[in-house]
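Fold and geometry: a report
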Amino acid sequence: MGGDQVMAVLSLADKAGGGHFDEMGDLPLIDHISQYIGIALRNCQLFEKVRLQARTDGLTDFVNHNAFFDELNREIERARRSGGNLSLILLDVDNFKLFNDVHGHQVGDKVLREVAQTIKHSVRAVDLPARYGGDEFAVILSDTDLARGELVAERIRRAIASNPMALDGKAFSITISAGVTQYVSGQTPSQMVSEVDSALYKAKSNGRNAVASKEAAES
């Protein structure tokens, strides 16, 4: 037990030296040991809960900015070792500051939650969406080349643009702009983010509600 919660079941068999477990001689010691095991298991649960809270954005349940860089670094190392592909999407909500100023932060939070859910349903289970900061989101796409990454970003863009939100009985549209880049051997996480940020800037310069890639940003 951990407090008043059942943490686990301890099953004992085959007593050393043979014989049977004795309720008077063995059970008190087993009960005493079980209490310490329960406390240890409870502490492990609390530690894991705190660890997840430190890595998770409370609004969207995506990993947060710091955890995103940890995961990106891990995926870059994996791609480097295996020679596989890795792509990254960075997107933000178009004109979000103006929207927040007009409708208020509660509605703004609702928009971010809706966008997060659309992103989640538009990517694979193995992909990792993150709340990069403010109205910016990132998606790490493992085993994905640039062309496929562009298709995923476009799918997210279309899904959000075609899903109007209701406010005070009125429907209004939300759009996003997205940049996409692919990992190049030797890149650091910061360099990869810098490239995808440039692509996002290009998408916004093209009038927003658009997707741009690293190559398009350079041309």
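Above this text sits the structure in question.
Structural notes, computed from the coordinates. (Residues numbered from 1 in each chain as written. Predicted model: local features only at pLDDT ≥ 70, side-chain atom pairs only at ≥ 80, totals over all residues. Heavy atoms only, no water.)

**As for the environment of Thr60**
Relative to the helices and strands, Thr60 resides in the loop between helix 1 (27-55) and helix 2 (65-82). Of the residues examined, Thr60 reaches a relative accessible area of 5% and is grouped as buried. In the structure, Thr60 is positioned 90 residues away from Glu150 in sequence and 23 Å away in space, judged by C-alpha atoms. In this structure Thr60 touches Leu112, Ala116, Arg131 and Phe137, once residues within four positions along its chain are discounted. A polar contact of 2.7 Å, which involves the side chain of Thr60, links it to the side chain of Asp57. (Helix = DSSP H or I, 4+ residues; strand = E, 2+ residues; numbered from the N terminus. Buried < 20%, exposed > 50% of the residue type's maximum accessible area, 1.4 Å probe, protein only. Contact = heavy atoms within 4.5 Å. Polar contact = N/O pair within 3.5 Å; in protein donor to acceptor, adjacent residues only side chain to side chain.)

**Comments concerning the environment of Glu71**
Topologically, Glu71 is positioned in helix 2. On a C-alpha basis, the gap between Glu71 and Gly38 in space is 32 Å, while along the polypeptide they are 33 residues apart. With sequence-adjacent residues up to four places away left out, Glu71 is seen in contact with Arg55, Leu128 and Ile140. Within polar-contact distance, the side chain of Glu71 engages the side chain of Arg74 at 3.0 Å.

**Here we look at helix 3 (residues 96-103)**
Taken as a whole, helix 3 has its buried residues at Phe96, Phe99 and Asn100. End-on view of helix 3: buried residues confined to an arc of 100°, all on one side of the axis. Along helix 3, exposed side chains directed more than 90 degrees from the buried face belong to Lys97, Leu98, Asp101 and Val102. Here the buried face of helix 3 lies against strand 1 (86-93), helix 4 (105-122) and strand 5 (170-172). Just past helix 3, the residue Gly104 takes up positive phi, approximately 95°. (Arc of directions from axis to C-beta.)

**Looking at unusual backbone geometry**
Residues other than glycine seldom take positive phi values, yet Asp61 does so here, at roughly 70°. Mapped onto the fold, Asp61 is located in the loop between helix 1 and helix 2. The exposed category is assigned to Asp61, whose relative accessible area is 62%. Positive phi, normally seen in glycine, also occurs at Arg208, with a value near 70°. Along the chain, the position of Arg208 falls in the loop between helix 6 (189-205) and strand 7 (211-213).

**Examining the nonpolar core**
Counting 28 residues, the largest nonpolar core has Ile89 and Ile174 as its most contacted members. In terms of residue count, the dominant contributor to this core is helix 4 (six residues). With residues near it in sequence (within four places) discarded, Ile174 still touches Val93, Phe99, Val111, Val115, Ile160, Ala161 and Met165. Phe68, Ala130, Met192 and Leu200 belong to the second-largest nonpolar core, a separate cluster that totals 18 residues. (Core = buried A, V, L, I, M, F, W, Y, C linked by side-chain atoms within 4.5 Å.)

**Here we look at a nonpolar patch on the surface**
Taken together, the side chains of Leu10, Leu12, Phe21, Leu29, Ile33, Ile37 and Leu41 define a hydrophobic patch exposed on the protein surface, amounting to about 600 Å² of accessible area. Tracing the sequence through the fold places Ile33 in helix 1. (Patch = residues over 30% accessible without salt bridge, like charges linked within 9 Å, V, L, I, M, F, W, Y side chains within 5 Å. Areas by Shrake-Rupley, 256 points an atom, 1.4 Å probe, with all protein chains shown as cover. Salt bridge = Lys/Arg side-chain N within 4 Å of Asp/Glu carboxyl O.)

**Describing the pairing of strand 6 (residues 176-182)**
With six of seven residues buried, strand 6 lies mostly within the body of the structure. When strand 1 meets strand 6, the two strands line up antiparallel, connected through seven bridges. In the sheet register, Val93 faces strand 6, and the bridge partner there is Ile176. Judged from the three bridges that link them, strand 6 and strand 7 form a sheet pairing that is parallel. (Pairing = 2+ DSSP bridges.)

**Digging into helix 5 (residues 146-161)**
It helps to recall that an α-helix has 3.6 residues per turn; residues three or four apart then point in one direction. With 16 residues, helix 5 extends 22 Å from end C-alpha to end C-alpha; this agrees with the ideal 22 Å at 1.5 Å per step. What helix 5 keeps buried is the set Leu146, Gly149, Val152, Ala153, Ile156, Arg157 and Ile160. With its buried residues spanning 135° around the axis, helix 5 presents them on a single face. Exposed side chains of helix 5 directed beyond 90 degrees from the buried face belong to Leu151 and Arg158. (Expected span 1.5 Å × (residues − 1).)

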